[in-house]
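Structural overview for review
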Amino acid sequence: MAKCGLWLAGLATLGAPTAALAQSEQAQAPAPPVVASAPATPAPGKPPPKAAAKPAPKGKTVGEVVVTAGAPEVQSSIDKTSYALGKDLQATTGSIADALRNLPSVEVDLQGNLSIRGDQNVTILIDGKPSPAFDGQNRASALQQLPADQIERVEVITNPSADQNPEGSGGVINLITKKSRGGGLSGSAYATAGSAGVKRAGLNLGYNTSKLAVTAALSGNYQNNKQHYVDERDGLDPTSGQFLKNVDTGVDRGLSRSPAARVSATFTPWTKDQFTAELSYIEQLQNDHPDDVYADEGPGGGPGEVFDISGQRHYLETDNSASLGWKHTFAEGETLSVDGVYNASIWRSHTVDITTFALPAGMTAPVDYFHSDGNAHHQELRIAYTRDIAGGAFKAGYELRREDNDYPFSVLEGPDRADLAVQPDLANHYLFQQSVSAVYATYQHSFGPLDLQLGLRAEDARFTLDQFTSGERDGQHYGRAYPSLHLNYRLDDDKKLTASYAERVVRPNSVLLNPLSFIFSPVDSQVGNPDLKPRETRSYEVGYEQHLAHQDLQATFYYRATKNDFTRIVTDEGDGAFLYSFGNLGQSLAIGADLSANGKITQTLSYSLTASPYWNQIDAGNLLTSLGKRSTYSGSGRLDLNWQADPKDLFQLNAVASGARLQAQGVMEPNVTLNAGWRHTLSDRLTATVTGEDLLGSDRFRRDLDTPTLVEHLRVLPVSRAVIFRLDYRFGGQSKAAKAPEFDYENGPPPGAGPG
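Throughout this document, residue positions are counted from 1 along each chain, in the order its sequence is written. The model is predicted, so local features are restricted to residues of pLDDT at least 70 and side-chain atom pairs to those at 80 or more, both for listing and for counting; the totals for chains, interfaces and linings are taken over all residues. Excluded from the side-chain calculations are hydrogens and water; all other atoms, namely the structure's heavy atoms, are used.

This part covers the overall build of the chain. The number of helices and strands found in the chain is five helices and 41 strands. Looking at the chain as a whole, 53% of its 756 residues are labelled buried. Entry remark: accessible area of the chain is about 31,700 Å², with carbon and sulfur atoms responsible for 60%. Starting at the N terminus, helices and strands are each numbered in turn, a helix being any DSSP run of H or I of at least four residues and a strand any DSSP run of E of at least two. Burial status follows relative accessibility: with a 1.4 Å probe on protein chains alone, a residue under 20% of its type maximum counts as buried, one over 50% as exposed, and anything between as partly exposed. Accessible surface area values rest on a Shrake-Rupley calculation with a 1.4 Å probe, where residue burial reflects the displayed protein chains alone.

Written as structure tokens, this is what we have:
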């Protein structure tokens, strides 16, 4: 059995079948708090005014009382919705994936695959800029490992305007990091410990003066991982006409470690110029020990081959990012900004597999040692000009993005680990380069109760893929225009209608394009398709929002039409072995709604309820006539209950459900999770939080495939039930206030900020 010892290291932490397929397919919102009026912005160099303190009741002593303005839990603008994470206890103790699971229309499955409205083609940004941790092959793991502590708000942008990169048909998730506030030195520190070996710690620092604002963060994550999985496959044997079964029963144990550091600075030397800079470093280390037992059924139902593969995998990824920016204000409403971004992601994945045969007796296989490495570099230059024209806001810009990615893969084999030799016929080394240049313009204007924004973006894209191993060279060059339209109509102070239209694109990544075949498990191999076309999506939305007493209601209906969608094609090669290839679907359609309600049930009990039903249809008849059109009704939903038992104690209960998700040759089964949390304020500076994750032990990953010639049932059972404890301590923040930093990537300047 020539393939029995081969794995593609670096594609999986749970076993190659799950990860390879996952890669190829691509908040809580309690009632808004009572918000005090924002104090007037103090003059530079002067301390902010202090609110008058009320007399203390007899027998009690109170300190100084300072009234501050609080941001609402949910903010919506003409083209985005922003959710605060401050009161989400799962986000406090958990990962970024835990935080995103609690947002309307957003799903993160147990493998870390993110989707919006069932679409996994989602762009993830940090403060409006690409992050190497979320652009690379280990994105799913990064979402599950990196703590959500440094994220203050999450912007969910389902129909981005033309001034945003159109990459990602599902939309954009923009993670807004915490910035230092107040004056002088301030900060916080935390420590987290939990069952299943979870340990996290971090330090956040801020230093502000009237001209300089600096934010720094250092965090570390350490956790043990364990999951069981069973992959049953029945393939039609053309010789006997029987369905023969192949079963992979496995367990994966490992640990992960993820230190991260970030520092950002905003310098305003004079009123009309502002300079920004940021550096970040993230390290993802994983040591896994997968063990798989494969059992093949022979003709007539008798036993075939039975063998065990014991693996040792070491994965290390370092993600570095640097950015610089300059913003000049000519006059009120007229600015020019220039930003540069450089990201580098370098990973080294080395795996040793040892195969032992039980049947046939006496059969042996070589030891395999895999080197799956990568070096990815991303550069961006962005120039944007804004100006108030004819009572509206005009914005125009130019962007240039470039990627240089090098992927060497090699295999060594030998009778034992001390005697290994390179296998030239199993090498797979290629270079992928892509550049995209774009110009765009948007114009926003108010006509009484109607806000209108028009946008148009034009892009020129090209890529080359040099297959060093085979000598093949492929590439594409194409241009495309992406219009956008957004409308807001205020019926009154409490009711609003919205509508939007946008066109989006998903460009195939190098893994899907690489034409050279390689084997990544004893029963799985893959070949890319360099002729894949970009996926193009037209998205329409209409919505209604209403504030009623202590309730906020929102309904958004959408229609999404996609052509050239990517899909995985599974071919049975016999003996339980599958070949995965990729093609463009004829068309896919999605119709659905995002329905949400949140508010207060009593003075101390609040709720948030979201339901996202949808209908999805895919047409794969252009790839295989046996597939044709397939459709399904599905959806997702969540329910949050928040009980402020007293000023010091907050309790939360959280239920998240995700429905079935359709694939060209199968379906991802539904899933339900129940979580709970408690936050206790020990003092003004010290807070304790306890959360329970997956209380019912119901987290499961299930995928079913059913065709006339092959059937598959994959079940993954991770050990995700856990109790996590966290302690937070805050310090500093007593000096004079500084000017708040501004970011083009966020919601614009803070209230009261002007040109200087």
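Still to come is the rest of the account.
The next point concerns a nonpolar patch on the surface. To count toward a patch, a residue needs a relative accessible area over 30% and no salt bridge; like charges are then connected within 9 Å, while nonpolar side chains (Val, Leu, Ile, Met, Phe, Trp, Tyr) are connected within 5 Å. One side-chain nitrogen of Lys or Arg within 4 Å of one carboxyl oxygen of Asp or Glu is enough to make a salt bridge. The grouping of Leu-185, Leu-203, Leu-205, Tyr-207 and Leu-218 at the surface amounts to a nonpolar patch, some 450 Å² of accessible area in total. By residue number, the principal contributor to the nonpolar patch is strand 10 (residues 198–208), which donates three residues.

Attention shifts here to the nonpolar core. In terms of nonpolar packing, the biggest core is built from 27 residues, with Leu-100, Leu-114, Val-154, Ile-173 and Leu-175 touching the most fellow members. Elements with a contribution of two residues or more to this core: helix 3 (96–100), strand 3 (106–108), strand 4 (114–116), strand 5 (122–126), helix 4 (139–145), strand 7 (151–157) and strand 8 (171–177). The element that contributes the greatest number of residues to this core is helix 3, accounting for four residues. Residues are treated as being in contact if the distance between any of their heavy atoms lies within 4.5 Å. If near-sequence neighbours (up to four positions away) are discounted, Leu-114 is found in contact with Leu-100, Val-106, Glu-107, Val-108, Asp-119, Gln-120, Val-122, Ile-124, Arg-139, Leu-143 and Ile-173. Phe-432, Val-506, Leu-513 and Leu-532 belong to the second largest nonpolar core, which has 14 residues in total. By nonpolar core is meant a set of buried Ala, Val, Leu, Ile, Met, Phe, Trp, Tyr and Cys residues that side-chain atoms within 4.5 Å join together.

So, on to unusual backbone geometry. Across the junction of Leu-359 and Pro-360, the peptide omega takes the value -10°, indicating a cis bond. Even without being glycine, Ala-390 reaches a positive phi, approximately 50°. Looking at where Ala-390 falls in the secondary structure, it is placed in the loop between strand 17 (367–389) and strand 18 (392–407). Even without being a glycine, Ala-549 presents a positive backbone phi close to 55°.

Our next topic: the pattern of salt bridges. For the structure on display, the rule yields 37 salt bridges. The partner of Asp-466 in a salt bridge is Arg-473, with the nearest N and O atoms 2.4 Å apart. Here the salt bridges do not stand alone but share partners, grouping Glu-167, Glu-399, Arg-401, Arg-457, Glu-459 and Arg-507 into one network.

Spatial strand order, 1-2-7-8-5-6: six strands in an open sheet with mixed pairing. Bordering the open sheet on either side are strand 1 (74–76) and strand 6 (129–130), each of which pairs with just one other strand. By the bridge criterion, three bridges tie strand 1 to strand 2 (residues 81–84) in an arrangement that is antiparallel. The residue bridging Val-74 from the neighbouring strand is Tyr-83, located in strand 2. Pairing between two strands is assigned when DSSP locates at least 2 bridges connecting them.

On to the pairing of strand 19 (residues 409–416). With six bridges connecting them, strand 17 and strand 19 associate as antiparallel partners. Counted as the bridge partner of Phe-370 is Val-411 from strand 19. Relative to strand 20 (residues 419–422), strand 19 is paired through three bridges, and the arrangement is antiparallel. Each residue of the ladder has a partner; that of Leu-412, found in strand 20, is Val-422. The turn linking strand 19 back onto strand 20 is made up of two residues.

Moving on, we come to the packing of aromatic side chains. By convention here, two paired aromatic rings are described through the distance between centres and the angle between planes. Within 6.5 Å between ring centres, the rings of Phe, Tyr and Trp (the latter by its six-membered ring) count as paired, and their orientation is classed by plane angle as stacked under 30 degrees, edge-to-face over 60, tilted in between. Overall, the coordinates contain twelve aromatic pairs when judged by the stated rule. One aromatic cluster is present, built from ring pairs that chain together Tyr-294, Phe-307 and Phe-357. The residue whose ring lies beneath Arg-233 is Phe-578, and the NZ or CZ to ring-centre distance is 4.2 Å. Looking at Arg-726, its charged tip hangs above the ring of Tyr-190, at a distance of 3.9 Å from the centre. In this analysis the charged atom, NZ for Lys or CZ for Arg, is taken to sit over a ring once it is within 6 Å of the ring centre and within 35 degrees of the ring normal.

Quick look at the environment of Ala-97 now. With respect to the helices, strands and loops of the structure, Ala-97 is situated in helix 3. The exposure class assigned to Ala-97 is buried, which follows from its relative accessible area of 0%. Residues Ala-97 and Leu-110, spaced 13 residues apart in sequence, show a C-alpha to C-alpha distance of 9.4 Å. In contact with Ala-97, other than residues within four places in its own chain, are Val-108, Leu-143 and Gln-144.

Time to look at the side chain of Gln-286. Looking at the element boundaries, Gln-286 is found in strand 14 (residues 273–297). There is a polar contact of 3.1 Å between the side chain of Gln-286 and the side chain of Asn-138. Any N or O atom pair separated by 3.5 Å or less is treated as a polar contact, with the protein-specific requirement of one donor-capable and one acceptor-capable atom, and with residues adjacent in sequence counted only for side-chain atom pairs. In terms of polar contacts, Gln-286 uses its side chain to reach the side chain of Ser-141, at 3.2 Å.

The subject of this paragraph is the sheet that holds strand 30 (residues 577–584). Sheet strands pair by backbone hydrogen bonding; their relative direction is either parallel or antiparallel. The four strands lie next to each other as 25-26-30-29, forming an open sheet whose pairing is mixed. Bordering the open sheet on either side are strand 25 (518–521) and strand 29 (566–574), each of which pairs with just one other strand. On average, each strand axis in the sheet is tilted by 30° relative to the strand beside it, whichever way the strands run. As paired strands, strand 25 and strand 26 (residues 524–526) are joined by three bridges and run antiparallel to one another. Its bridge partner being in strand 26, Ser-521 is matched across the sheet by Asp-524. Here, axes are lines fitted to C-alpha atoms. For helices the fit covers the stretch in contact, and angles between N-to-C directions go from 0 to 180 degrees.

As for its position among the elements, Gly-197 is in the loop between strand 9 (184–194) and strand 10. Each C-alpha atom, one on Gly-197 and one on Ala-722, is 9.3 Å from the other, the two residues being 525 residues apart in sequence. The residues contacting Gly-197, other than those within four sequence positions of it, are Tyr-222, Gln-223 and Asn-224.

Turning our attention to the environment of Asp-646. Here Asp-646 lies in strand 33 (residues 629–646). Overall, the relative accessible area of 31% leaves Asp-646 in the partly exposed class. Measuring from C-alpha to C-alpha, the distance between Asp-646 and His-680 comes to 9.6 Å, with 34 residues separating the pair along the chain. Reaching out from Asp-646, the side chain makes a polar contact with the backbone nitrogen of Asp-649 at a distance of 2.9 Å.

Looking now at the confidence of the model for the chain. How sure the predictor is of each residue is captured by pLDDT, a score from 0 to 100. The predicted model of the chain has a mean per-residue pLDDT of 84, with 86% of residues at 70 or higher. In the predicted structure, residues 734–756 sits below a pLDDT of 50 and forms 55 contacts with residues beyond four places in sequence or in another chain.

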